[in-house]
Structures are given as structure tokens and as C-alpha cells.
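What the coordinates show
This is what each chain is made of:
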Amino acid sequence: MTLTIATATAADETAFRRLWQGFLAYYNQPVPESTTAATWARIIDPTHRMTCRLAFDDGQALGFAIHHHHCSSWVPGDDVYLEDLFVDAAARGRGVGRALINDLIAIGRQNGWHRLYWNTNHDNATARRLYDSFCQDDGHIRYRLTL
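Residues numbered from 1 in each chain as written. Predicted model: local features only at pLDDT ≥ 70, side-chain atom pairs only at ≥ 80, totals over all residues. Heavy atoms only, no water.

**Thoughts on the pattern of salt bridges**
Using the following cut-off: For this document, the term salt bridge refers to a Lys or Arg side-chain nitrogen within 4 Å of an Asp or Glu carboxyl oxygen. The classification of residues rests on relative accessible area computed with a 1.4 Å probe and restricted to protein chains. Under 20% of the type maximum is buried, over 50% is exposed, and intermediate values are partly exposed.
Going through the model one piece at a time under the given rule, you end up with 7 salt bridges. A salt bridge links Arg-128 to Asp-137; the nearest nitrogen and oxygen atoms lie 3.8 Å apart. Since its relative accessible area comes to 29%, Arg-128 is described here as partly exposed. Residue classification places Asp-137 among the exposed positions, given a relative accessible area of 52%. A single network of salt bridges, built from pairs that share partners, joins Glu-13, Arg-17 and Glu-33.

**A few points about the environment of Phe-23**
Quick reminder of the rule: Here a strand is any run of E in DSSP of at least two residues, a helix any run of H or I of at least four, and the numbering for each starts at the N terminus. By definition in these notes, contact holds between two residues if any of their heavy atoms fall within 4.5 Å.
In this structure, Phe-23 sits in helix H1 (residues 13-26). Looking at Phe-23, the relative accessible area reads 9%, which means it is buried. C-alpha of Phe-23 to C-alpha of Leu-85: the two residues are 62 residues apart in sequence and 8.5 Å apart in space. With near-sequence residues (within four places) excluded, Phe-23 lies in contact with Phe-64, Asp-84, Leu-85 and Phe-86.

**Focus on the packing of H1 against helix H2 (residues 33-44)**
Our working definition: Working convention: axes come from line fits to C-alpha atoms, limited for helices to the stretch in contact. Angles between N-to-C directions cover 0 to 180 degrees. An angle counts as roughly parallel when it lies under 35 degrees, as roughly antiparallel when it exceeds 145, as roughly perpendicular when it falls between 65 and 115, and as oblique in every other case. Handedness of a crossing is defined here by the sense of rotation of the near helix relative to the far one, left-handed for an anticlockwise turn of less than a right angle and right-handed for a clockwise turn. Any residue outside Ala, Val, Leu, Ile, Met, Phe, Trp, Tyr, Cys, Pro, Asp, Glu, Lys and Arg is labelled polar, Gly included; the first ten of those are nonpolar and the last four are charged.
Axis separation between H1 and H2 bottoms out at 12 Å; the angle between their running directions is 130°. It follows from the interaxial angle that H1 and H2 lie oblique. Here H1 and H2 pass one another in a crossing that is right-handed. Side by side, H1 and H2 meet where Glu-13, Phe-16, Arg-17, Trp-20 and Gln-21 of the first sit next to Glu-33, Thr-36, Ala-37, Thr-39, Trp-40 and Ile-43 of the second. The class makeup of the residues in the contact of H1 with H2 is 5 nonpolar, 3 polar and 3 charged.

Bear in mind that shape data such as this cannot, by itself, settle questions of function.
As C-alpha cells, this is what we get:
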């Protein structure tokens, strides 16, 4: 397998939507079509901070990493938040998730960002094995209040 990782473009919409639907099904979290459309519009808007990196093997999209950077009150520069990471079930265990994270690390270093962070479900043991190979969790618990 030879992975290529690139920023999503308008031409990648079908591939992204296929992976996005797999992501939503994995977490059993359906969202309205309007949310998917808004997410895609942000991803391909060059003025928006939300970006999606897609991993391809021989033209087939295998996974994505949706991220955005933001300022921080804890460091003088920006942090980058890996909001969503997904690898198609058929491609899991082949290094795609690791490659997507390494790609963001490289982009972050190139851009002078200070930290990369993400969340996962506490019972997602497979993902946590991958994440623990990069760093240990920082002990924080996320709270989310719907407004």
C-alpha cells in the first residue's frame, strides 16, 4: 500500500461523503443532511479554518482527518484540534490512522503550531491503542453543553 495524503478539494466530495457516512454509522450518530453539507462547505472554503486531509491508496479514499487550528491561552501560538479521525473498516490496521496523525504533526510543525490534541470515547480501545503510541491522555474529561 502506498498512501497519499492531501487536503480535500471539491472533487473529493463523493469520497468524503462515503467516509463521513461510515464515520457517523460507526458512532451511531446520524446528522441532518444540512449539517453534512455545512461541514463539507467549511472544509472546501479556503478562508475557513476547518480542513480535511484525506488518505488515498491508488485513488481510493481510505480515511480522513478533520482539523482546525486556533489560538490558545496556554501557549503563545496556535493549537490544532483533530476534531474527527476516521478510517474505512476495510483499511483499518494498515497504518492509515497513524499516517493521518503523522501528517497533522508535520503540518503543525511546519506552521509553528504548538500542540495537537483530540478526544475519543473512553471505550474505544482500538483507537486508544493508536493514540497511546503517540502520547498518554492528559486526564481531562470533556463536558459538552448543547446551546
